[in-house]
Amino acid sequence: MPRLPDMMKLLGSAFLLLGGLLWGFSKARELWQRERLLGQWQRLIESLKTGVSFAARPLGDLIREDGSPFCREAAASPLFSQNPQQALLQAGNRLLPRQGDKALYQGFAQGLGASDAAGQLRHLELYASLVGQALLEAREERDKRSRLYICLGLFGGLTLCLLLL
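Draft legend 1. The arrangement of the side chain of S77 in detail. Tracing the backbone shows S77 in the loop between α3 (69-76) and α4 (84-95). Classification of S77 as buried rests on a relative accessible area of 13%.

Written out as structure tokens, the structure is:
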């Protein structure tokens with residue numbers, strides 16, 4: 001029968017290994033989350049392009065009716081009734097994790113409603129291409145780094161286990 005100190009070492013080692021693995025999965029999840037948000041932003045742009053082209057309705061109505069997380073977050077804001085553009089900007093700042101994505105989103109949100117329909121369509125086309133490029137980079141980063149983070153977490157936990165045993 002194993003002694004209690006040996007059982008504690010074994011249990012501690014299992015927790016270290018599990019902790020490292022969970023760290024790796026959480027870092028990989030961040031990469032998946034970024035890709036998902038950028039994809040939803042891209043769909044929002046397409047929806048706004050359609051709304052600007054065919055509906056000719058106020059920006060607040062287009063945002064309120066869209067189902068993206070950006071629009072849901074903006075519509076839930078108390079600021080939405082006074083300034084839907086600012087509410088959308090704040091929603092993107094809360095949802096997007098990276099500074100580069102936030103800066104791109106800030107330019108996107110600030111340009112909404114600032115010109116006529118043709119200017120809005122040009123603005124949306126520009127950001128559709130910029131977000132498409134960012135989404136492509138996010139997918140490449142996820143492909144390259146998600147397994148790396150999981151393996152690093154696993155091997156980091158394993159290394160700590162071996163050092164403590």
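Draft legend 2. Just the environment of Y127, in detail. Relative to the helices and strands, Y127 is located in helix α6 (residues 117-164). The spatial distance from the C-alpha of Y127 to the C-alpha of F108 is 6.5 Å, given a sequence separation of 19 residues. When residues no more than four places from it in sequence are discounted, the contact partners of Y127 are I45, L104, G107 and F108.

Draft legend 3. Structural context of the nonpolar core. If you look at the biggest cluster of nonpolar residues, it comprises 30 residues, and the most contacted ones within it are W41, I45, F70, L88, Y105 and F108. When residues of this core are traced back to their parent elements, those giving at least two are α1 (4-55), α2 (59-65), α3, α4, α5 (99-111) and α6. For F70, the residues in contact, after removing those within four places along its chain, are L37, Q40, W41, L44, L88, A91, G92, L95, L96 and Y105.

Draft legend 4. Broad picture of the packing of aromatic side chains. Under the defined criterion, the tally for this structure stands at seven aromatic pairs. Measuring from centroid to centroid gives 6.4 Å for W41 and F70, while their planes differ by 55 degrees, and the two rings are tilted. Taken together, the residues W41 in helix α1 and F70 in helix α3 connect sequence positions 29 residues apart. W41 gets classed as buried once you look at its relative accessible area, which sits at 0%.

Conventions adopted
- Residues numbered from 1 in each chain as written.
- Predicted model: local features only at pLDDT ≥ 70, side-chain atom pairs only at ≥ 80, totals over all residues.
- Heavy atoms only, no water.
- Helix = DSSP H or I, 4+ residues; strand = E, 2+ residues; numbered from the N terminus.
- Buried < 20%, exposed > 50% of the residue type's maximum accessible area, 1.4 Å probe, protein only.
- Contact = heavy atoms within 4.5 Å.
- Core = buried A, V, L, I, M, F, W, Y, C linked by side-chain atoms within 4.5 Å.
- Phe/Tyr/Trp six-rings, centres within 6.5 Å; stacked < 30°, edge-to-face > 60°.

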